[in-house]
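What follows is the residue order along each chain.
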Amino acid sequence: MQRRTFVHTTLGAGAALALPSSLLQGCRAEPARESVGLGPIGVQLYTIRDLVRADMAGALAAVSEIGFKEVEFAGYFDHDPKDIRSWLEAAGLTAPAAHVSLDPEHIGAQLEIASVLGHSYLVIPWIPPEKRQTLDDYHRVAEEFSEIALKVFEAGFQFAYHNHDFEFEPIDGQVPFDILLDYTDPELVQIELDLFWIAHGGGDPLDYFARYPGRYPMVHVKDRMPDGTMVDVGQGAVDFQAILGQSIEAGIKHYFVEHDQPEEPLESIRQSFEYLSSW
């Protein structure tokens, strides 16, 4: 299943899940805010993927014009990495991370691209359904992550895994996400925590920050209504003030706004940027 299909099928499936109390802010009088000292605000380019596909240089320039300083790639669309690097530099952007395939067939090429583009983090964005049916499957995935992460580390980069909601659905009374954390080396296998999907799965980021501190160098900042609808950051019920206020404990260094299916992609990331940059 491709990520596009996954988004459409699972948004409805998880809509009835209640947000944990630590996530729920209400819908929504504008809250009183205290600065939580966010670092540079970035954007996951999946949000504007059609624009990136059509004109990557122009899309990066538009992202920079909004005010973003960092981007995370979700595909290079067959462009020469040297060209992409020149477009990033022209736009005044850096690309600390990318969602990539790290299977044995592709890992060498991905490491070369990462070197050219200046990535620090290489992120596996998804576990295929056939590899996550049982707890034993998740143990095998944890072992596989550990092997890949060591290769990534030896090449001078950091491995990370990006969650969805399925990792928080208990199997035989155990939460699979805990297996991925408990059975991997925290120095090698880190997490890019997607704040929409953990909420959609019924998980609580503050609980995970407390139990596995320093494990989350990146977050996808995404908002959610109580009925499960994805909305622009600041328009839903996720209490970002509470969650991102624990950035030091969590280890967060990079904040990538994202919306999986926005009607107006550039306007979506603009509104999300303005919300976070007003803190």
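Everything below is about the structure printed above this text.
We now turn to the structure provided with this report.

Attention now moves to the pairing of strand β6 (residues 189–194). Counting buried residues in β6 gives 6 out of 6 residues, a clear majority hidden from the surface. Of the two faces of β6, the one carrying V189, I191 and L193 and the one carrying Q190, E192 and D194 are both buried. Of the crossover connections in this fold, the one passing from strand β5 (residues 158–162) over helix α7 (residues 176–182) to the parallel β6 is right-handed. Alignment of β6 against strand β7 (residues 218–221), held across 3 bridges, turns out to be parallel. Residue pairing for β7: L193 is matched across the bridge by V219.

A few words now on the pattern of salt bridges. What the rule picks out here adds up to 10 salt bridges. Between D50 and R53 there is a salt bridge; the shortest N-O distance is 2.8 Å. Separated by 3 residues within a single helix, D50 and R53 lie in helix α2 (residues 49–54), roughly one turn from each other. A salt bridge links E258 to K222; its shortest N-O distance comes to 3.2 Å. One end of the pair, E258, is in the loop between β10 (254–257) and α12 (265–277); the other, K222, is in the loop between β7 and β8 (223–224), with 36 residues separating them in the sequence.

What follows is about helix α4 (residues 81–91). I84, L88 and A91 are the residues of α4 that are buried. Mapping the buried residues of α4 onto a view down its axis gives an arc of 70°, with all of them on the same face. In α4, the exposed residues that point more than 90 degrees away from the buried face are K82, E89 and A90.

Moving on: the layout of surface pockets. In this structure, the second largest pocket encloses a volume near 220 Å³. Along the walls of the second largest pocket sit 14 residues, with I124, W126, P128, K131 and E144 positioned nearest its centre. Of the residues forming the lining of the second largest pocket, the biggest block, 4 residues, is contributed by helix α6 (residues 135–154). Residues of the lining of the second largest pocket, tallied by class, amount to 10 nonpolar, 1 polar and 3 charged.

On to the side chain of T184. Along the chain, the position of T184 falls in the loop between α7 and β6. From its side chain, T184 meets the backbone oxygen of L180 in a polar contact 2.5 Å long. Side chain to side chain, T184 and R215 meet in a polar contact 2.7 Å long. T184 has contacts with A142, S146, V189 and R215, leaving out every residue within four places of it along the chain.

Evaluation of the coordinates by the stated rule reveals 13 aromatic pairs. Where F168 meets Y208, the ring centres are 5.8 Å apart and the plane angle is 80°; that geometry is what we call edge-to-face. One end of the pair, F168, is in the loop between β5 and α7; the other, Y208, is in helix α9 (residues 205–211), with 40 residues separating them in the sequence. Summarising the burial analysis for this pair, F168 and Y208 share the class buried. Here Y275 and W279 contribute two aromatic rings whose centre-to-centre distance is 5.8 Å and whose plane-to-plane angle is 75°, an arrangement assigned as edge-to-face. You'll find Y275 and W279 in the same group, each marked buried. Ring pairing ties together the aromatic residues F168, F177, Y208 and Y212, which thus form one cluster. Above the face of the W126 ring, R132 is positioned so that its terminal group lies 5.1 Å from the ring centre. Of note, R211 hangs over the ring of Y208, and the distance from its end group to the ring centre comes to 4.7 Å.

Structurally, S277 is set in helix α12. The class of S277 is partly exposed, set by a relative accessible area of 39%. When the C-alpha positions of S277 and G67 are compared, they lie 9.0 Å apart, and in sequence the two are 210 residues distant. Among the polar contacts made by the side chain of S277, one reaches the main-chain carbonyl oxygen of E274 at a distance of 3.4 Å.

Ranked by size, the top nonpolar core spans 75 residues in total, and within it V71, F73 and L244 carry the most contacts. Considering each element in turn, this core owes the most residues, 8 residues, to α6. Not counting chain neighbours up to four residues away, the residues in contact with F73 comprise Q44, L45, M56, I84, L88, A95, A97, A98, H99 and H119. With 6 residues, the next largest nonpolar core counts A97, Y121, V123 and M218 among its residues.

So, how was this worked out
- Per-chain numbering applies: the sequence of each chain, read as written, is numbered from 1 onward.
- Where totals are concerned, whole chains, interfaces and linings use all residues; where local detail is concerned, this predicted model gives features only for residues with pLDDT of at least 70, and gives and counts side-chain atom pairs only at 80 or more.
- The side-chain numbers reported here are obtained from all heavy atoms of the structure, hydrogens and water having been left aside.
- Only protein chains enter the accessibility calculation, which uses a 1.4 Å probe. A residue is then buried if its area is under 20% of the maximum for its type, exposed if over 50%, and partly exposed in between.
- Secondary structure elements follow DSSP: runs of H or I of four or more residues count as helices, runs of E of two or more count as strands, with numbering from the N terminus.
- Throughout, right-handed denotes a crossover for which the path from the first strand over the helix to the second runs clockwise when the strands point away from the viewer.
- Here, a strand pair is defined by DSSP locating no fewer than two bridges between the strands.
- We count a salt bridge whenever a side-chain nitrogen from Lys or Arg sits within 4 Å of a carboxyl oxygen from Asp or Glu.
- Note: the arc covers the axis-to-C-beta directions of the helix.
- The way it works is a 1 Å grid over only the protein atoms, where trapped points that fit a 1.4 Å probe form a cavity and open points with protein on both sides within 12 Å along at least five of seven lines form a pocket, and then any residue with an atom within 4 Å of a point lines it.
- Grid points are joined across faces, edges and corners, and a volume is the space filled by probe spheres set on the points.
- Residue polarity follows a fixed list, in which Ala, Val, Leu, Ile, Met, Phe, Trp, Tyr, Cys and Pro are nonpolar, Asp, Glu, Lys and Arg are charged, and the others, Gly among them, are polar.
- Definition of a polar contact: a pair of N or O atoms within 3.5 Å, with one able to donate and the other able to accept a hydrogen when the atoms are protein atoms, and with sequence-neighbouring residues admitted only if both atoms are side-chain atoms.
- Contact between two residues is taken to exist if any of their heavy atoms lie within 4.5 Å; hydrogens are not considered.
- The aromatic pairing rule takes the rings of Phe, Tyr and Trp, using the six-membered ring of Trp, and pairs them if the centres are within 6.5 Å, calling planes under 30 degrees apart stacked, those over 60 edge-to-face and the rest tilted.
- Comment: the charge-over-ring label is applied if NZ (Lys) or CZ (Arg) is within 6 Å of the ring centre and within 35 degrees of the ring normal.
- Put simply, buried Ala, Val, Leu, Ile, Met, Phe, Trp, Tyr and Cys residues joined by side-chain atoms within 4.5 Å make one nonpolar core.

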